[in-house]
Amino acid sequence: MDNFLWRALFGGIGVALLTGPLGCFIIWRRMAYFGDTLAHSALLGIALGFLLHVNLTVSTIIVSLVIAVLLVFLQQQKQKHLATDTLLGILAHSTLSLGLVTLAFLPGLRIDLSAYLFGDLLTVTSQDLYWIYGGGSLTLLCLLFIWPDLLSMTIHEELAQVEGVNITRTRLLFMLLVALMVAIAMKIVGILLITSMMIIPPATARSFSRTPEQMAILASIIGCLAVILGLGMSWYWDTPTGPSIVVTATLLFMLTLLRTYRMN
Amino acid sequence: MNTNEILVQVQQVNVTFDQYLALQNVSLTVKRGEIVTLIGPNGAGKSTLVKIVLGLLSPHTGNVHRDPEIRIGYMPQHLTIDPVLPLTVARFLTLSGVTQTHLLQQVLAEVGATHLLTRPLQRISGGEMRRVLLARALLREPDLLVLDEPIQGVDITGQYELYELIAQLRKRYGCGILMVSHDLHLVMAATDYVICLNQQVCCNGRPEAVTQHPAYLKLFGDRAGRDLAIYTHHHHSQTV
């Protein structure tokens, strides 16, 4: 096997390990659209990275973090005239468009836009791997640290607060972790497909789990399986890697659906 | 147990939501070893007052004094678990911070729900959920127990059991209890002090006194008096 394929495999597995547990909270807290918004805004991060000549991962992380903080701030507003999903929709598409417009203004820049939109796993560099595993372990460690509080407030926010959980701080930390994950995972599955990696493996893991922790671990394992099968599919049939991973994840999900139906 | 120890004291509190007066000039005190019951019709501000006692909400005017040393056990009115979140009763109880299985079993035995330990939380009835929520509140070994509609969804025999249990809890844990109910007849017999709320305090005092109060009768009608009579009778025939 060639080196680039090994890198692709390690990169994909790293991302799957990361998106499993965080993705569980995304679906438990019904925040899929939030993840989507952060992913869309990542393109603005890339455009700004090109514009200001800084590392693209760094600029994407910064833009994602700013958007996450902005969202927490908007949600805390007492006088709300717009529903959260409306706000998210506005942010998602305006940042994506702003990113595309900014890229058009950069003279002489020839980039493969589809690599950013749909991912380009086969061009993963060793530096990308450092980001995935370095940033990924940091993100997972932080998640482990806030896990009990986050789980408690996901189940009942007021009960958690009475028991001493700092709601605002935990929510902010979680959103920052999602932002970090989006910036890290973008390279692998692309801006438009990140949400699927956050949602499909946890949804697949649900019917096999009895506790939240089981579901998180299983989501990571299923994600890894999707990456391996998707890469294989991409290798043998020359299909784009990002979408291939999502397609195999969806196939795994449908298999478990069949199992659930048979059990009922 | 110092029965005069004040756990929480709310004084002359006012709360407005969008120019709508939710609570007007309301005061409330819960002492250690005392059961205080809050009754009132829907929209009377019971939940708002509970939130103030718990510190989840700050009043616009008025004072709230809560002993900073006390631990609060809270039993919320609603808990719906999304089916996508796998959660057993045992895992739910460990969120209180207590993780030893024998302690979880012990507290479930106390509320009469031992058989639920390994059951998924989505697969238990409304009445069983009330017991599990009470168990979680008790695991904190509370000084103040706040119970929002503790018997909602519990069948009749279960209601007697739960009130009997709640009455015992204050002795066993040496705690004060604040209970919310729109259910009248059962509550009256298991409480020391009743506050009848409808945005403001309509009347308050010992249960026997409150049930004779004109404001109470106006709010709940004659039915309330009849129900109480039935229950009191029942209660005596059981205990004497």
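First, a word on scope: everything that follows refers to the structure included in this document. (Residues numbered from 1 in each chain as written. Chains lettered and ligands numbered in written order. Predicted model: local features only at pLDDT ≥ 70, side-chain atom pairs only at ≥ 80, totals over all residues. Heavy atoms only, no water.)

Across its full length, chain B holds eight helices and nine strands. Sorting the 240 residues of chain B into buried and exposed places 52% on the buried side. The long-range fraction of contacts in chain B, counting pairs at least 24 apart against all pairs at least 6 apart in sequence, stands at 68%. Element-wise, carbon and sulfur atoms account for 48% of the exposed surface of chain B, whose accessible area totals about 10900 Å². (Helix = DSSP H or I, 4+ residues; strand = E, 2+ residues; numbered from the N terminus. Buried < 20%, exposed > 50% of the residue type's maximum accessible area, 1.4 Å probe, protein only. Contact = heavy atoms within 4.5 Å. Areas by Shrake-Rupley, 256 points an atom, 1.4 Å probe, with all protein chains shown as cover.)

Turning next to the interface of chain A and chain B. Contact with chain A, which involves 22 residues of that partner, is made by 26 residues of chain B. Considering only the side of chain A, the residues that lose the most area to chain B are A:Ile155, A:Val162 and A:Arg210, jointly responsible for 30% of the buried surface there. Counting across the chain A and chain B interface gives four salt bridges. B:Lys51 is the partner of A:Glu158 in a salt bridge, and the nearest nitrogen-oxygen pair spans 3.4 Å. Across the chain A-chain B interface, the total number found is ten residue pairs in polar contact (both at pLDDT 80 or more). Elements represented by at least two residues in the side of chain A that touches chain B include exactly helix 1 (3-28), helix 6 (126-155), helix 7 (157-162) and helix 10 (212-237) of chain A. (Buried area = accessible area lost by both parts, 1.4 Å probe. Salt bridge = Lys/Arg side-chain N within 4 Å of Asp/Glu carboxyl O. Polar contact = N/O pair within 3.5 Å; in protein donor to acceptor, adjacent residues only side chain to side chain.)

Residue and element names in this part refer to chain B. Overall, antiparallel pairing links the three strands, which are arranged 2-1-4 in an open sheet. The sheet is open, and its two borders are formed by strand 2 (20-31) and strand 4 (61-66), each paired with just one other strand. Taken pair by pair, the neighbouring strands of this sheet meet at an average axis angle of 15 degrees, ignoring direction. Bridge analysis of strand 1 (residues 6-17) against strand 2 gives eight bridges, and the strand direction is antiparallel. Bridge pairing in strand 2 links Thr16 to Leu21. This element, helix 1 (residues 46-54), spans strand 1, strand 2 and strand 4 of the sheet and lies at about 130 degrees to strand 1. (Pairing = 2+ DSSP bridges. Axes fitted to C-alpha atoms, helices over the stretch in contact; angles between N-to-C directions.)

Interpretation in functional terms is not warranted from these geometric data alone.
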